[in-house]
Amino acid sequence: MRIPAYFSAAYAPDEVPLLARLGTTRDRLQRLGLVDLHEAAPLDPAALDGLHDAAYLQAFLAGIEPMASRQGIRWSPRVRDATLAMLGGQLQAAQHAIERGGIAMNIARGFHHAHPAAGSGFCPVNGLALLAHAMPGRRILVIDCDEHGGNGTEEFAARLPNLHAVSIFGTRFGCRGGVRSWAHHITREQGFPAYLDALRQAASLVLQVTPDLLVYQAGADCHRDDPKSQLRLSTTEMFQRDLAVFRLARRRRIPLLFVVAGGYQSADRVAYLNSNTVRAARHAWQEPIAP
Ligand SMILES: [Zn+2]
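Keep in mind that what you see is a predicted model, and the values were worked out from it rather than measured.

K.L.:
Pulling in residues and values, what's your account of the overall build of the protein?
P.N.:
Along the protein, the regular secondary structure elements total eight helices and eight strands. Along the first, second and third principal axes, the C-alpha atoms of the protein reach 50 × 40 × 40 Å. Split into buried and exposed, the 291 residues of the protein put 59% on the buried side. When contacts within the protein are restricted to residue pairs at least 6 apart in sequence, long-range pairs at least 24 apart make up 71% of them. As displayed, the protein has an accessible area near 11300 Å², and 49% of this comes from carbon and sulfur atoms. Looking at the protein, you have 31 positive and 26 negative side-chain charges, and the mean spots of the two groups are 5 Å apart.

Take a look at the structure:
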């Protein structure tokens, strides 16, 4: 089985190393035969109206400084176009998962730090909140397992009645939980048992919310060799983490979209961790489920 995965060359401009590594991940997934690639079409910028504050959106789309680069990646037309391409792929992958009652990947970042007023933390536009904004009739539940808390998505959850956000993290990044959002700060001392417990709590939330779409952000920066990691999860623990989320969607028959995030080791190492996430997806999707 190959996982349907959305991507386009525009996602990964060479001159932006943080984004270029998405191309390394794409190459590895294709080489290993793990994905069935779909060409992503860029998002029409009009679809962003009302998501972020108008002044910020205008600045980012037109390259008006200093606002346009405030998220941490120096703005250029290619950075804007990469963002719109990834956001287009995000919606297309979500629709793929919903319409076929299954699973799809966007080989992109979720951009969870972007908050309503502006981009932040290398995240120009929040691609997780975008799903709730673009599909107001669908209940969206995000499970964010990046090293860093999804503070931007948390702010959006308080604004968008169909957006629910769970964040399980080692580095808080301002994430505290709030209206329709739940924050789980796991310390290194608490370790993986506490992490699994937070995932179990997320599973019971899924039963309450009954989402139309589960969105999983599989951060690679909680790995023990990552320079930004506080959680220090092993490769095996990260696989168990991924498998727990994928099984949750599979066994409850909830359409699932997943993205990658973080990852500050070498591009090859991050691509390896990302491909393990796709292996976990395939593993869960091949398991028989009760009728
Ligand atoms: Zn991160």
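Read on for the rest.
K.L.:
Tell me about the packing of aromatic side chains, residues and numbers included.
P.N.:
Enumeration according to the criterion identifies five aromatic pairs in this entry. Between the aromatic rings of Tyr-56 and Phe-60, the centroid separation amounts to 6.3 Å while the plane-to-plane angle is 25°, which identifies the pairing as stacked. Of this pair, Tyr-56 and Phe-60 are both found in helix 2 (residues 54-62), four residues apart, which corresponds to roughly one turn of the helix. Take Tyr-56 and Phe-60: they sit in the same class, and that class is buried.

K.L.:
Kindly report on the sheet that holds strand 3 (residues 103-109), identifying the contributing residues and their values.
P.N.:
With parallel pairing, the eight strands of this open sheet are ordered in space as 2-1-3-8-7-4-5-6. On the outer flanks of this sheet lie strand 2 (35-39) and strand 6 (181-185), each paired with one strand and no other. Averaged over all pairs of adjacent strands, the angle between strand axes in this sheet comes to 20°, irrespective of strand direction. Bridge count between strand 4 (residues 140-144) and strand 7 (residues 213-219): five bridges; the pairing is parallel. Its bridge partner lying in strand 7, Val-142 is registered against Val-215. Where helix 7 (residues 235-252) meets the sheet, it contacts strand 3, strand 4, strand 7 and strand 8 (256-261), and its direction lies at approximately 175° from that of strand 7. Against the sheet, helix 8 (residues 267-286) engages strand 1 (3-7), strand 2, strand 3, strand 7 and strand 8, with an angle of about 165° to strand 8.

K.L.:
Which residues make up the pattern of salt bridges, and what are the values?
P.N.:
Throughout the structure, instances matching the rule amount to eight salt bridges. Among the salt bridges present, the one from Glu-287 reaches Arg-247, with a minimum N-O distance of 2.6 Å. One end of the pair, Glu-287, is in the segment after helix 8; the other, Arg-247, is in helix 7, and 40 residues separate them in sequence. Taking relative accessible area as the criterion, Glu-287 reaches 16% and is therefore assigned buried. Counted as one network, the salt bridges with shared partners bring together Arg-247, Arg-251 and Glu-287.

K.L.:
Just give me the short version of the nonpolar core, but keep the residues and values in it.
P.N.:
Membership of the largest hydrophobic core comes to 96 residues, with the highest contact counts inside it found for Leu-213, Phe-246, Leu-256 and Phe-258. Here this core gets 11 residues from one element, more than from any other, and that element is helix 3 (residues 77-99). Those residues within four positions of Phe-246 in sequence are excluded, and the remaining contacts are Ile-103, Tyr-216, Leu-256, Phe-258, Thr-277, Ala-280, Ala-281, Ala-284 and Trp-285.

K.L.:
For the coordination of the zinc ion, give the residues involved together with the corresponding values.
P.N.:
Listed as protein donors to the zinc ion are Asp-146 (OD), His-148 (ND1) and Asp-221 (OD); their distances from the metal cover 2.0 to 2.2 Å. Mapped onto the sequence, the residues coordinating the zinc ion show the spacing D-x1-H-x72-D. Using a relative accessible area of 2% as the deciding quantity, one classes Asp-146 as buried. The buried category is assigned to His-148, whose relative accessible area is 9%.

Each value, and the rule that gives it
Residues numbered from 1 in each chain as written. Predicted model: local features only at pLDDT ≥ 70, side-chain atom pairs only at ≥ 80, totals over all residues. Heavy atoms only, no water. Helix = DSSP H or I, 4+ residues; strand = E, 2+ residues; numbered from the N terminus. Buried < 20%, exposed > 50% of the residue type's maximum accessible area, 1.4 Å probe, protein only. Contact = heavy atoms within 4.5 Å. Areas by Shrake-Rupley, 256 points an atom, 1.4 Å probe, with all protein chains shown as cover. Lys, Arg positive; Asp, Glu negative; His and termini not counted. Charge placed at Lys NZ, Arg CZ, Asp CG, Glu CD. Phe/Tyr/Trp six-rings, centres within 6.5 Å; stacked < 30°, edge-to-face > 60°. Pairing = 2+ DSSP bridges. Axes fitted to C-alpha atoms, helices over the stretch in contact; angles between N-to-C directions. Salt bridge = Lys/Arg side-chain N within 4 Å of Asp/Glu carboxyl O. Core = buried A, V, L, I, M, F, W, Y, C linked by side-chain atoms within 4.5 Å. Donors = N, O, S within 2.8 Å, 3.2 Å for Na, K, Ca; no water.

Remember that the coordinates give geometry; whether it matters functionally is a separate question.
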